[in-house]
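# Structural overview
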Amino acid sequence: MKRILSFSLVIIIVLSVFVGCSKTPAEETESTTKGSSTQYTVKISGDSFTEDFSEIEFYELLDGIDGLFHTKNIETNEYTLQMTEEAYKKLKEIKSKDAIKSFDEIKNDTENYVTDINYDDDFRNIKVIADREKLPEGSISVLDDVVLKIVSQAMAYQIYTVEGQNVKISVICSDNEEVVFETAFPIVIE
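Residues numbered from 1 in each chain as written. Predicted model: local features only at pLDDT ≥ 70, side-chain atom pairs only at ≥ 80, totals over all residues. Heavy atoms only, no water.

## A closer look at the pairing of strand β6 (residues 125-130)
As paired strands, strand β5 (residues 114-119) and β6 are joined by five bridges and run antiparallel to one another. Counterpart to V114 in the pairing with β6 is A130. (Pairing = 2+ DSSP bridges. Helix = DSSP H or I, 4+ residues; strand = E, 2+ residues; numbered from the N terminus.)

Okay, structure coming up:
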């Protein structure tokens, strides 16, 4: 099961590399004000997904959020969310809780090297506190299970935000605060 999850996360990260290198943005967002209420629009390219875009359904995530409207355009390969400010806040709250729950599961997994995970409100700066004795032999890489799980949760939260996707992750030893790994996603190849 862990190998399947790891492989899936690797595919997501690798695809995000290519999306980051594309000439068109994977995600466009805007905020407009109509009267006294703010309207948010998030456009997500179907190229961001590992599955066949025409088969993806977002209804489960969006159930119970008033003021949120979504369309899927297979011809332009684009998914669009339009929402009120209240719906936007609710969607961010749901995705934030999902990320925090996942981080807690990672911290509580006694088989990995994580002793704590510190993050900011939008999951852009993440510090993984590591037990040196449990660190993998050699060095940690972008394809490390823990790194991929954390980054995928942070980016899953950020895909619905108007600020776009950007995650900096650092792995720091708990005994001496040495940074043993640090990178940012999406990886942009120039």
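## Here's the deal with the nonpolar core
Counting 25 residues, the largest nonpolar core has Y113, I126, V128, V147, I150, I169 and V171 as the members making the most contacts within it. Contributing elements (two or more residues each) for this core: α3 (85-108), β5, β6, α4 (145-158), β7 (167-173) and β8 (179-185). At seven residues, α4 tops the list of elements feeding residues into this core. Excluding anything up to four places from it in sequence, I169 contacts I126, V128, V147, I150, V151, F181, E182, T183 and F185. Grouped together as the second largest cluster of nonpolar side chains are 13 residues, I44, Y88, L91 and I159 included. (Core = buried A, V, L, I, M, F, W, Y, C linked by side-chain atoms within 4.5 Å. Buried < 20%, exposed > 50% of the residue type's maximum accessible area, 1.4 Å probe, protein only. Contact = heavy atoms within 4.5 Å.)

## Brief notes about the pairing of β8
Of the strand pairs in this sheet, β7 and β8 are connected by six bridges, and their pairing is antiparallel. Considered in β8, the bridge of I169 is made with T183. Counted between consecutive antiparallel strands, the loop separating β7 from β8 contains five residues, among which E177 sits at a positive phi close to 60 degrees.

## A few points about α3
For an α-helix the count is 3.6 residues per turn, leaving residues at separations of three or four pointing the same way. Helix length check: α3 (24 residues) gives 35 Å between terminal C-alpha atoms against 34 Å at 1.5 Å per residue, within 8%. Within α3 the residues assigned to the buried category are A87, Y88, L91, K95, S96, A99, S102, F103 and I106. (Expected span 1.5 Å × (residues − 1).)

## Quick look at the packing of aromatic side chains
Centre-to-centre distance and the angle between the planes together describe a pair of aromatic rings. Within this structure, the stated rule accounts for four aromatic pairs. For the pair Y119 and F123, a centre-to-centre distance of 5.3 Å together with 35 degrees between the ring planes defines the contact as tilted. Assessed through its relative accessible area of 1%, F123 is described here as buried. Each residue in the set F103, Y119, F123 and Y157 is aromatic and connected to the rest through ring pairs, giving one cluster. (Phe/Tyr/Trp six-rings, centres within 6.5 Å; stacked < 30°, edge-to-face > 60°.)

## Topic: the confidence of the model for the protein
With 67% of its residues at a pLDDT of at least 70, the protein reaches an overall mean of 74. When pLDDT is averaged over each helix and strand of the protein, the minimum, 42, is found for helix α1 (residues 2-21) and the maximum, 96, for β5. The low-confidence segment residues 1-29, where pLDDT is below 50, has 46 contacts with residues more than four positions distant or belonging to other chains. (pLDDT = per-residue confidence, 0-100.)

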